[in-house]
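Single-letter residue listing:
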Amino acid sequence: MALFGKSYDNYLGYALSGGGAKGFAHLGSLKVLEKCGLKPDVIAGTSAGSIVGALYADGFHPGEIIELFKKREFREFLEFSISKAGFLKSSRLHDFLKNNLRAKSFEELKIPLYVIATDWNKARTVAFSNGDNLVDAVVASCSIPVIFNPQYIQGDTYVDGGILKNFPVSVIRNKCRYVIGVNVAAMIPPAEKNSIRNVIERTFNLMSNSNTIIDKSLCDILIEVRGIDKYKMFDLENLDAISEIGYHQTVIKMSEKGSWKIVDKCHKHYKRREQVQQKLELLRKRMNYSSETNTL
């Protein structure tokens, strides 16, 4: 129970938006946040943000995540589908995650994670955070309608979380003292030439941007990654460039006075937590010593 003000389950949380390949800008942001000495107690991710969030929560460093994707082209994750529900299967993305994630369940992750998907039939946002459906949940969060087949989890149909909640700040807002949100899905201009892919990408961009307004206002630190609009949703050939833009945009934001106030508070929190842990460890040793002495 908090003596003063509200009690929170977590001190610092990260919210990572969807955005296709632009989501690799999250990796640049995470590098900067690490250099600031920040450690999230919980992460919420939508679509591309759920992929980055899952790998980061599993203990991969940002540079290691880039290396996993760097030499892969988008077509390596694609498998044509004859289903009427989508042009492509997501089985190869499923296999990629299954083969690389060390954790096989949410509980095995080093950092608690919320993966956001959309329940297609009930038209609602669902936040997966427990159980052994970690890979299925991440794949569901990335399953853009029409492009990918929907994902089925325990008999229910799920599609991309960005449809209703592309920036999942509200999912962890009441659980955290501070939330740092990284939004990589800024509005992009329409393509000069119309194609099925361009129309789908434009539609999804308009839709996902319209449902981020409230979530943006809920961030204690809002990192809006601009300058990546020229990169396509499925561009896996420019990961370094996208990550670098995320890095520089985050450096600018974290250099602001308001950001550093929160960083300073986090550092003080870490110090207090370490002191408490040291006292508890000392108490445990004393109790063990007392128990051994009484036994003798």
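Because the structure is predicted, anything quoted here is derived from the model rather than measured. The numbers attached to residues start from 1 for each chain and follow its sequence in the written order. Two thresholds apply to this predicted model, a pLDDT of at least 70 for residue-level local features and 80 or more for giving and counting side-chain atom pairs, whereas whole-chain, interface and lining totals are computed over all residues. Side-chain descriptors were evaluated using all non-hydrogen atoms of the structure, hydrogens and water having been removed beforehand.

A. Quick look at the pairing of strand β9 (residues 156-160). Exposure classes here rest on a 1.4 Å probe applied to the protein chains alone. A residue is buried below 20% of its type maximum, exposed above 50%, and partly exposed in between. For the purposes of this entry, the term helix denotes a DSSP run of H or I that reaches at least four residues, the term strand denotes a run of E that reaches at least two, and both are numbered from the N terminus. Summarising burial for β9: four of the five residues are buried, a large majority. In this sheet, β9 lies alongside strand β5 (residues 113-119) in antiparallel orientation, the contact comprising three bridges. Bridge pairing links Ala117 to Asp160 in β9. Note: two strands are recorded as paired if DSSP finds a minimum of 2 bridges between them. As judged from the three bridges shared by strand β8 (residues 151-153) and β9, these two strands associate in the antiparallel manner. From the neighbouring strand, Tyr152 faces β9, where its bridge partner is Thr157. What sits between β8 and β9 in their antiparallel hairpin is a turn of two residues, with Gln154 showing a positive phi close to 50 degrees.

B. Main features of the environment of Gly162. Relative to the helices and strands, Gly162 resides in the loop between β9 and α6 (169-173). Taking the C-alpha atoms as reference, Gly162 lies 8.4 Å from Ile144; in sequence the two are 18 residues apart. Contact criterion: two residues are considered in contact whenever any of their non-hydrogen atoms come within 4.5 Å of each other. Excluding anything up to four places from it in sequence, Gly162 contacts Thr46, Phe204, Ser208 and Asn211.

C. Focus on helix α1 (residues 25-35). Across the 11 residues of α1, eight count as buried, placing the element largely inside the fold. If you check which residues of α1 are buried, you get Ala25, His26, Leu27, Gly28, Ser29, Leu30, Val32 and Leu33.

D. Structural detail: helix α2 (residues 48-57). Of all 10 residues that make up α2, 10 are buried, and the element is covered over most of its length. Taken as a whole, α2 has its buried residues at Ala48, Gly49, Ser50, Ile51, Val52, Gly53, Ala54, Leu55, Tyr56 and Ala57. Of the residues flanking the end of α2, it is Gly59, one or two places downstream, whose phi is positive at about 105 degrees.

E. Inspection of the packing of aromatic side chains at higher detail. Between the rings of Phe, Tyr and Trp (Trp by its six-membered ring), a pair exists once the centres lie within 6.5 Å; its type follows the angle of the planes, with under 30 degrees stacked, over 60 edge-to-face, and the other angles tilted. Overall, the coordinates contain four aromatic pairs when judged by the stated rule. Aromatic pair Phe128 and Tyr158: ring centres 5.1 Å apart, planes at 75 degrees, arrangement edge-to-face. Linking Phe128 in strand β6 (residues 124-128) with Tyr158 in strand β9, this pair joins segments that are 30 residues apart in sequence. Of the two residues, Phe128 and Tyr158, both sit in the buried class. An aromatic cluster is present here, built from Phe24, Phe69 and Phe96 joined pairwise through their rings. Arg102 extends its terminal NZ or CZ atom over the ring of Phe60, reaching a point 3.9 Å from the ring centre. Our definition puts a charge over a ring when NZ of Lys or CZ of Arg is within 6 Å of the ring centre and also within 35 degrees of the ring normal.

F. Inspection of the pattern of salt bridges at higher detail. Just to be clear on terms, a salt bridge is a Lys or Arg side-chain nitrogen sitting within 4 Å of an Asp or Glu carboxyl oxygen. Throughout the structure, instances matching the rule amount to 10 salt bridges. Residue Asp264 is joined to Lys268 by a salt bridge in which the shortest nitrogen-to-oxygen separation is 3.4 Å. Placement of the pair is Asp264 and Lys268 together in helix α10 (residues 257-295), with a separation of four residues, close to one helical turn. Ionic contacts of the salt-bridge type, sharing partners, join the residues Lys216, Glu224 and Arg226 into one network.

G. Examining the side chain of Thr118 more closely. Turning to its location among the elements, Thr118 is positioned in strand β5. Contacts of Thr118, omitting those with residues within four sequence positions, involve Arg124, Thr157, Tyr158, Val159, Asp160, Gly161, Ile163 and Leu164.

H. Structural context of the pairing of β6. Taken together, the five bridges between β5 and β6 define a ladder with antiparallel strand orientation. Bridging across to β6, Asp119 finds its partner in Arg124. In textbook terms, the turn of a hairpin is the stretch between consecutive antiparallel strands, and for β5 and β6 this stretch comprises four residues, one of which, Ala123, has a positive phi near 50 degrees.

I. Geometry of the nonpolar core. Counting 66 residues, the largest nonpolar core has Tyr14, Leu38, Phe69, Leu97, Leu113, Phe128 and Met254 as the members making the most contacts within it. Those residues in contact with Phe128, other than ones at most four positions away along the chain, are Phe106, Leu113, Tyr114, Val115, Ala117, Asn133, Ala137, Ile153 and Tyr158. Take the buried Ala, Val, Leu, Ile, Met, Phe, Trp, Tyr and Cys residues and link them wherever side-chain atoms come within 4.5 Å; each set so joined is a nonpolar core. Of all hydrophobic cores here, the second largest spans 12 residues; its members include Ala15, Ile116, Val169 and Val171.

J. Region of the structure containing unusual backbone geometry. At Ala123, a position not held by glycine, the phi torsion is positive, near 50 degrees. In this structure, Ala123 sits in the loop between β5 and β6. In the Ramachandran plot, Gln154 falls in the positive-phi region, its phi being about 50 degrees despite a non-glycine side chain. Note on placement: Gln154 falls in the loop between β8 and β9.

K. Just the packing of α2 against helix α3 (residues 62-70), in detail. Comment: axis = line fitted to C-alpha atoms, over the contacting stretch for helices; angle = value between 0 and 180 degrees taken between N-to-C directions. The contact between α2 and α3 brings their axes to 10 Å, and the two run at 125 degrees. By the angle class used here, α2 and α3 are oblique. Where α2 crosses over α3, the two elements pack in a sense that is right-handed. Contacts between α2 and α3 pair Ile51, Val52, Leu55 and Tyr56 from the former with Pro62, Ile65, Leu68 and Phe69 from the latter. Of the residues in the contact of α2 with α3, the class split is eight nonpolar, no polar and no charged. Our angle categories are set so that under 35 degrees counts as roughly parallel, over 145 as roughly antiparallel, 65 to 115 as roughly perpendicular, and the remainder as oblique. Crossing handedness is defined as follows: a turn of the near helix away from the far one that is anticlockwise and smaller than a right angle gives a left-handed crossing, while the clockwise case is right-handed. Residues are sorted three ways: Asp, Glu, Lys and Arg are charged, Ala, Val, Leu, Ile, Met, Phe, Trp, Tyr, Cys and Pro are nonpolar, and all the rest, Gly among them, are polar.

Any functional reading would require information that these geometric values do not contain.
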